[in-house]
Amino acid sequence: MATESSESEEEGKIRGGNDKLNIDDDLREMGKNAAWSVSSCKPGNGVATLRDDNLETYWQSDGLQPHLINIQFQKKVKLQLVFVYVDFKLDESYTPSRISIRAGDGFHNLKEIKSVELVKPTGWVCLSLSGTDPRETFVNTFMLQIAILSNHLNGRDTHIRQIKVYGPRPNPIPRQPFQFTSAEFLTYSTLR
């Protein structure tokens, strides 16, 4: 499993963050396969800054809350983790304090699957999309929406520096219950 941010005793509160993004080999970044949109942005701080792999740039909203980030996929995908890079030390009142994650087939049927409160986060914050049932390790969806409900110090606009969305890596051989790990095993994995 990827390294998760430290959670306090209170459910749904996340403190701190991680300087480095550590991801297991069994996960892959799914955001590159999606169409991204935001509810609003300041000129020069649009949706492209969420995906440019530069921690110095950021998306800045412009308008009333909630601020929305929409991630739409062409086909139904399995999603497991969302990583958000925020920096309270640099952004102060622009830093999100409450985030809601919603999933569905489109805008018409989004349902909240996760709600978290961030306490002065700095770094990568890991948001697991798994439910309360331990067998639910991912969400199968066409669309993910990240809603910033409030900011620290009652700030109006928000800054988010990066977002990464991860899902399970598919088995390279369809209808194969286990994975071969070497080239030699892969050579003899099927019969003609």
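Residues numbered from 1 in each chain as written. Predicted model: local features only at pLDDT ≥ 70, side-chain atom pairs only at ≥ 80, totals over all residues. Heavy atoms only, no water.

Applied cut-off: UniProt positions are given in the numbering used here, feature names are shortened, and annotations may be inferred rather than shown by experiment.
As annotated in an unreviewed UniProt entry, the protein chain is Anaphase-promoting complex subunit 10 from Cardamine amara subsp. amara. One UniProt comment on the protein chain, placed under Function (unreviewed entry), says "Component of the anaphase promoting complex/cyclosome (APC/C), a cell cycle-regulated E3 ubiquitin-protein ligase complex that controls progression through mitosis and the G1 phase of the cell cycle."

**Overview of the pairing of strand β9 (residues 111–119)**
Note the threshold: The criterion for strand pairing is that DSSP finds at least two bridges linking the strands in question. Only runs of H or I of at least four residues qualify as helices and only runs of E of at least two qualify as strands under DSSP, and these elements are numbered from the N terminus.
Relative to β9, strand β2 (residues 13–15) runs parallel, the two sharing 3 bridges. Residue pairing across strands places Ile14 opposite Leu118, the latter belonging to β9. Pairing between strand β8 (residues 96–104) and β9: 6 bridges, direction antiparallel. Bridge pairing in β9 places Arg98 opposite Glu117. Hairpin remark: β8 followed by β9, antiparallel, with 6 residues in the connecting loop.

**A closer look at unusual backbone geometry**
The condition is simple: Residue exposure (1.4 Å probe, protein chains only): buried if accessible area is under 20% of the type maximum, exposed if over 50%, otherwise partly exposed.
Here Gln65 and Pro66 are connected by a cis peptide whose omega angle stands at 5°. If you check the backbone angles, Lys120 has positive phi at about 45° while not being a glycine. By the element assignment, Lys120 lies in the loop between β9 and β10 (122–128). Classification of Lys120 as exposed rests on a relative accessible area of 53%. The backbone of Asn154 sits at a positive phi, close to 55°, despite the residue not being glycine. Among the secondary structure elements, Asn154 is positioned in the loop between β11 (139–151) and β12 (159–160). Judged by relative accessible area, Asn154 falls into the exposed class, the value being 77%.

**What to know about the sheet that holds strand β7 (residues 81–87)**
Where strands meet in a sheet, backbone hydrogen bonds hold them as pairs that are either parallel or antiparallel. For clarity, the threshold we go by: Working convention: axes come from line fits to C-alpha atoms, limited for helices to the stretch in contact. Angles between N-to-C directions cover 0 to 180 degrees.
The strand order β3-β13-β7-β10 describes an open sheet built from 4 strands, whose pairing is antiparallel. On the outer flanks of this sheet lie β3 (27–29) and β10, each paired with one strand and no other. Within this sheet the neighbouring strands show an average axis-to-axis angle of 25°, counted without direction. Judged from the 3 bridges that link them, β3 and strand β13 (residues 162–168) form a sheet pairing that is antiparallel. Note that in β13 the partner of Arg28 across the bridge is Gly167.

**Considering the nonpolar core**
Defined as follows: To define a nonpolar core, start from buried Ala, Val, Leu, Ile, Met, Phe, Trp, Tyr and Cys residues and group those joined through side-chain atoms within 4.5 Å. Only heavy atoms matter for contacts: two residues are in contact if any of them lie within 4.5 Å across the pair.
Ile69, Ile71, Val82, Leu144, Ile160 and Ile163 are the most contacted members of the largest nonpolar core, which totals 29 residues. Looking at this core, the elements with two or more residues in it are β4 (34–38), β6 (67–79), β7, β8, β9, β10, β11 and β13. Residue contributions to this core peak at 5 residues, all from β6. Not counting chain neighbours up to four residues away, the residues in contact with Ile160 comprise Leu50, Tyr58, Trp59, Ile69, Val84, Tyr85, Val86, Pro96 and Ile148.

**Remarks on the pattern of salt bridges**
What counts is decided by this rule: Note on definitions: salt bridges are taken to be side-chain nitrogens of Lys or Arg within 4 Å of carboxyl oxygens of Asp or Glu.
Applying the stated rule across the entire model yields 5 salt bridges. Among the ionic pairs, Arg161 bridges to Asp91, the shortest N-O distance being 2.8 Å. Here Asp91 lies in helix α1 (residues 88–91) and Arg161 lies in the loop between β12 and β13, a separation of 70 residues in the sequence. In the salt-bridge network here, residues are joined through shared partners; they are Lys42, Asp62 and Asp157.

**Notes on the packing of aromatic side chains**
The condition that has to hold: Think of it this way: a Phe, Tyr or Trp ring, Trp meaning its six-membered ring, pairs with another when their centres are within 6.5 Å, and the plane angle makes it stacked under 30 degrees, edge-to-face over 60, tilted otherwise.
In this structure the tally under the stated criterion is 2 aromatic pairs. Taking 5.8 Å as the distance between ring centres and 90° as the angle between the ring planes, the aromatic pair formed by Phe83 and Tyr166 counts as edge-to-face. In this pair, Phe83 is assigned in strand β7 and Tyr166 in strand β13, connecting sequence segments 83 residues apart. Here Tyr166 falls in the buried class, since its relative accessible area comes to 9%. The interplanar angle of 75° and the centroid separation of 5.2 Å between the aromatic rings of Tyr85 and Trp124 together place this pair among those described as edge-to-face. Here the residue Tyr85 occupies a position in strand β7, and Trp124 occupies one in strand β10, the gap between them amounting to 39 residues. Under the relative-accessibility criterion, Tyr85 is labelled buried at 10%. Residue class for Trp124 comes out buried when judged on its relative accessible area of 7%.

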